[in-house]
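Working through the structure, step by step
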Amino acid sequence: MNQQVAMNQRVTTDQQVATNQQVAIAGAGPVGLWLAAELRLAGITVTVLEPRLEPDPKSKALTVHPRTIELLASRGLEKPFLEEGLHIPSGHFAVLDSRLDFGLLETRYPFTLALLQSRTEELFEIHARAAGADIRRGHRVTGLTETPDSVTVHIEGPDGPYDEEALYVAGCDGTRSTVRTSAQIPYPGDDFTVLGFLGDVVLDEPPPGAAFSKTGIDGLVMIVALPGGLHRVVGTVPADVRTDWPGDLTLEELRANVRQVTGTDFGLHSPTWLSRYGNTSRQAERYVKGRVVLAGDAAHQHMPAGGVGLNVGVQDATNLGWKLAATIQGRAPAGLLDTYHDERHPVGADLLEHTAAQTALIAAFTPDGQRLRSLLSKLVAEQPELSRTLGERLSGLHVAYDAPTADAHPLVGRRAPDLAFTDGGDTVFALLRTGHHVLLDLRGPHANRETPLATAEDGPLVTRTATLTGEHAPWAEVTAALIRPDGHVAWATEEHDPGKLPTVTRDALDQAGLTGTDR
């Protein structure tokens, strides 16, 4: 049976409610747009509501990390990012002098991409619209009313207020999320104790190279070249260690701060954007509450250290999309949507912890604080394992979800690398572009395959029968594996008995809600 037809036939009774669309998304930033595309890939109708009439030209984020590039590749969207982004083979932890060598990371993409968030949003919007998402600009969510069967979203549009009914609403509307507030989801945390400054400016005498940084007892400054002859200048100085808001950043203050740290202002002038940011740290208590889900900054707020925020939000949306779609279409195992919170809330807590740790080092302006920075920088340079561990944490490659049972294979919960096969055909990332689960039959060319591991009635599912190349040691003895649409391993086995393998595989498919039985 055609997979899309089968998906559309397997619907929950919830869809009999008279709704305008199945999911309404508040916020057309990178997270909301990516979630919209993920839902459309599964055949879910989606409306994205965004108060801005045009995309924001101010790019808060610049960094696309390796795990996010892997997700782009898993949807066939990596090419423009790789072509347009500046490839940087390293990252930084708290702007220590010794950078993290991303060449140590086990990925096809051992680098970050420097790309303006405005361009990332543009590419994501093209992707979402092409997938069929309804994106409405100039429409602001003002509240919501939830019933057992649906959510009514209250909206202020160009022609006045109106309501839309949906099965679920996703809050991707930032740290001041209207969706989160309306759903009465607590957002506890700590107010800022450190501020930073940011200016997109013209430099008459820019430092050499694409990136520059200087740290010391007088403060910290980073400078990155941007398209269009601009440079981004960010940093913090001892006077920024404070709990009161000093007002808007001025060009004169930016110049003074840069001179204080570097001894020159690089001839900076003509700002297109001046801003402050802080280390306010908060996390939503629940990412799923009834028919409301949260992702990105609506779920977690933190100091923008290491350029990880946008990336974690996109990874949230990738985890959420297939689970929400399966729930709406009535093919989800019991409690599947709740596992979005169970898996991603700890990732958000880890994000808050390591950005707070970086903030403490960034603001360590005392002599002892500078000695601590010097020691840690030396350790990063001298111990590749430390560099690799910090790099994995920043890049998102370290994320592994808890296995459902204690006897699960060690690969379960971990991300699947872009496994390659001896026949030279599609790799795992290419197979994931459908947005379906992927079943790998790795029994080898001489195995007895009289009993197939999956049938035509199973799915939505992509099955690949092949032999791995010899470069994937943890997978060497695996005979079959099921990979989730977000690229994490749902199940794996090293069972070689040709009589038992089909049975244990069908058990795994059944637990994932992918067998044709009773559907």
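Below or above, wherever it landed, is the structure these notes cover. Source: prediction; values computed, not measured. (Residues numbered from 1 in each chain as written. Predicted model: local features only at pLDDT ≥ 70, side-chain atom pairs only at ≥ 80, totals over all residues. Heavy atoms only, no water.)

Turning to the overall build of the protein chain, a few remarks are in order. A count of helices and strands for the protein chain gives 13 helices and 25 strands. Overall size of the protein chain, expressed as C-alpha extent along the three principal axes, is 75 × 60 × 40 Å. By residue count, 55% of the 519 residues in the protein chain fall in the buried class. As presented, the protein chain carries roughly 21,600 Å² of accessible surface, and 51% of it is formed by carbon and sulfur atoms. A gap of 2 Å separates the mean positions of the 45 positive and 66 negative side-chain charges of the protein chain. (Helix = DSSP H or I, 4+ residues; strand = E, 2+ residues; numbered from the N terminus. Buried < 20%, exposed > 50% of the residue type's maximum accessible area, 1.4 Å probe, protein only. Areas by Shrake-Rupley, 256 points an atom, 1.4 Å probe, with all protein chains shown as cover. Lys, Arg positive; Asp, Glu negative; His and termini not counted. Charge placed at Lys NZ, Arg CZ, Asp CG, Glu CD.)

Now for the environment of T515. For T515, the position within the fold is in the segment after α13 (501–511). Residue classification places T515 among the buried positions, given a relative accessible area of 6%. In sequence terms T515 and R331 are 184 residues apart; their C-alpha atoms lie 9.7 Å from each other. Apart from residues no more than four positions distant in its own chain, T515 is found in contact with D458, R506, L509 and D510. One polar contact links T515 to D510, side chain to side chain, over a distance of 3.0 Å. (Contact = heavy atoms within 4.5 Å. Polar contact = N/O pair within 3.5 Å; in protein donor to acceptor, adjacent residues only side chain to side chain.)

We now examine the environment of S150. Relative to the elements of secondary structure, S150 occurs in the loop between β9 (140–146) and β10 (151–157). Each C-alpha atom, one on S150 and one on Y168, is 6.6 Å from the other, the two residues being 18 residues apart in sequence. Of note is the side chain of S150, whose polar atom sits 2.5 Å from the side chain of E165.

We now examine the pairing of strand β11 (residues 160–171). In the sheet, strand β1 (residues 21–26) pairs with β11 via five bridges, with the strands oriented parallel. Note on β11: the bridge partner recorded for Q21 is A166. Across seven bridges, the pairing between β10 and β11 is antiparallel. Paired with V151 across the two strands is A166, which belongs to β11. Taking the residues that link successive antiparallel strands as the turn, the β10-β11 hairpin has two residues. Pairing of β11 with strand β20 (residues 292–294), which is carried by three bridges, proceeds in the parallel orientation. Considered in β20, the bridge of V169 is made with V292. (Pairing = 2+ DSSP bridges.)

Here the focus is the nonpolar core. If you look at the biggest cluster of nonpolar residues, it comprises 87 residues, and the most contacted ones within it are I25, L39, F421, L440 and W475. Excluding its chain neighbours within four sequence positions, the residues that come into contact with L39 are V23, I25, I44, V46, G321, L324 and A325. (Core = buried A, V, L, I, M, F, W, Y, C linked by side-chain atoms within 4.5 Å.)

Closest axis-to-axis distance for the helix α10 (residues 367–382)/helix α11 (residues 384–395) pair is 5 Å, and the angle between their directions is 100°. Overall, the two elements α10 and α11 adopt an arrangement that is roughly perpendicular. Across the interface between the two elements, L379, V380 and E382 from α10 touch P384, L386, S387 and L390 from α11. Across the contact of α10 with α11, the residue classes tally to five nonpolar, one polar and one charged. (Axes fitted to C-alpha atoms, helices over the stretch in contact; angles between N-to-C directions. Parallel < 35°, antiparallel > 145°, perpendicular 65-115°, else oblique. Nonpolar A, V, L, I, M, F, W, Y, C, P; charged D, E, K, R; others polar.)

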